[in-house]
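Close look at the chain arrangement
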Amino acid sequence: MRTTEHIHDSDGHGDPTLYRTPADAVAAPPEALAYVVGFDPTAQQADALFTVDTDPASPTYGRVKSHATLPDLGNELHHFGWNACSSALAHAGHHHAARRFLIAPGLRSSRLHVFDTVPDPAHPRLVKVIEAEELATKAGYSRPHTLHCGPDGVFLSCLGGADGADGPGGVALLDHESFDVLRSWETERGPQRLAYDVWWHLRQNVAVTSEWGTPSMIEDGVVPELLLNRQYGHSLHFWELETGRHLQQVDLGDEHQMVLELRPAHDPEATWGFTNTVINVEDLSASVWLWNREGEDFKVRKVITIPAEPAQPDDLPPALKPFGAVPPLITDIDLSVDDQWLYISAWGTGDLFQYDVSDPFHPRQTAAVRLGGIVGGGQPHPAEPDVPLTGGAQMVELSRDGRRVYLTNSLYAAWDEQFYPAGIDPWMIKLDADTSNGGLSVDSRFFPHGEDFLGLRVHQTRLQGGDASSDSYCYRR
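Summarised in this report is the structure supplied together with it.

How each quantity is defined
Residues numbered from 1 in each chain as written. Predicted model: local features only at pLDDT ≥ 70, side-chain atom pairs only at ≥ 80, totals over all residues. Heavy atoms only, no water. Core = buried A, V, L, I, M, F, W, Y, C linked by side-chain atoms within 4.5 Å. Buried < 20%, exposed > 50% of the residue type's maximum accessible area, 1.4 Å probe, protein only. Helix = DSSP H or I, 4+ residues; strand = E, 2+ residues; numbered from the N terminus. Contact = heavy atoms within 4.5 Å. Pairing = 2+ DSSP bridges. Axes fitted to C-alpha atoms, helices over the stretch in contact; angles between N-to-C directions. Polar contact = N/O pair within 3.5 Å; in protein donor to acceptor, adjacent residues only side chain to side chain.

1. Here's the deal with the nonpolar core
Counting residues in each nonpolar core, the largest one holds 31 residues, and the members touching the most others are Trp212, Ile218, Tyr232, Met258, Trp415 and Phe419. Secondary-structure elements contributing two or more residues to this core are helix H3 (215-218), strand S17 (256-264), strand S18 (272-280), strand S22 (325-326) and helix H5 (413-419). Examining the composition of this core, we find that three residues originate from one element, H5, more than from any other. Once residues within four sequence positions are removed from consideration, Ile218 is found in contact with Leu159, Trp212, Gly213, Tyr232, Tyr412, Ala414 and Trp415. Formed by 25 residues, the second largest nonpolar core is a distinct cluster that contains Val396, Leu398, Ile429 and Val442.

Put into structure tokens, the structure is as follows:
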């Protein structure tokens, strides 16, 4: 474990960004900054954490204000998150917690990099590096993918076993303030072997995990033989949150490959949530599924299907030429804090979809915008209407009040090369969302791209003060 300076205990008593209820989060002041990770697919340049101005009244609105580079190469920063958030209010012992540190895992290196956003949130500082050996020795995992701040620690979902082994993947627990790796979370794993995301229903003491694949299944891109033989993940797992004991597995059907993002309802009394599958091997469609507790067990049902689009083989990358179609490839979803709106990124076609999910069992599409995509390039950005957008709508983050949607365009280096072999020029786009009747419009003033990000490809976004995908709430007004 390397430390760049001594980290003092947080003095965040009464941190106003730890919200008791979803309504409190929605009503809080809007974000003035966004944090975005960027990586070099060639591993020749250091990855970085970028800070972007999101205050429309600022003279630097829509521009990168600063960047903090890593001291090492080959990390591929991916999903990252806060050391503490609203779930800390579940236990009185964490009333001094503060949303202060950003923890950024390296999906390829298995290192964890910790950035301090105090005293200057616009210029985070790297203060600690946790090496892969600590994660392997103390938790038995590698290839950290997704990080969520929980009531008893930081939950870190990992794809691989110790030292990059092919599993089983699972969840490591980290200390909120020291960031030390404590242990593996699971106590009775049951049939679970593949990992991707982890989330929960705090009030019900239930956790949920999803499935992608082991390191060898993802690190060099999609493996056609594994995909067609239905070997990627296709199940959800439900657990007892407090103990890490496996309760139930629900198989979505092995034609539905790669069960990725978990978006539980923010209402602390609810027991439903959404997940997505990337591709159906029978027709190349993608889908969104709803889980819901019925009695003691959870049921999962498909509620949205997005079909593939026919295309000329000459317009397709080699991996798709035999199929003559563009799969939508749903790679991210996000649920608004008020649980009314669902956003779906179809990275293959470049679409961002907006759905009204006020009735989660019957979602209703209300808007769609095409930004990039494998064929055609989609809608250019109004700030540069003559420049085609490369890549496609991928990671989506939503403000707490639901009015601003932030998008980036890279998935994972090896997969980028398969589906966008001509290359991906980084961009970040903001859309304004109509939260009354539905609708999306691109903000013409907000378009950091290319060298604004030092040429690094950008992936996940986190918002100052919290966002729709990083907090769970303890109380219901």
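2. Looking at the sheet that holds strand S24 (residues 341-346)
Strand order across the open sheet formed by four strands is S23-S24-S25-S26, with antiparallel pairing between neighbours. Each edge of the open sheet is held by one strand with a lone partner, namely strand S23 (330-335) and strand S26 (364-370). Sheet twist, expressed as the average angle between the axes of neighbouring strands with direction ignored, equals 20°. Bridging between strand S25 (residues 351-356) and S26 involves six bridges; their strand directions are antiparallel. Looking at S26, one finds that Leu352 is bridged to Val369.

3. Some words on the side chain of Ser285
The residue Ser285 is located in the loop between S18 and strand S19 (286-294) in this model. Owing to a relative accessible area of 5%, Ser285 belongs among the buried residues under this scheme. Excluding anything up to four places from it in sequence, Ser285 contacts Val278, Ile279, Asn280, Thr305, Ile306, Pro307, Ala308 and Pro328.

4. So, the environment of Thr60
Mapped onto the elements, Thr60 comes out in the loop between strand S3 (48-53) and strand S4 (64-69). Along the chain, Thr60 and Thr366 lie 306 residues apart, while their C-alpha atoms are 32 Å from each other. Here the side chain of Thr60 touches Asp53 through a polar contact of 2.5 Å, side chain to side chain.

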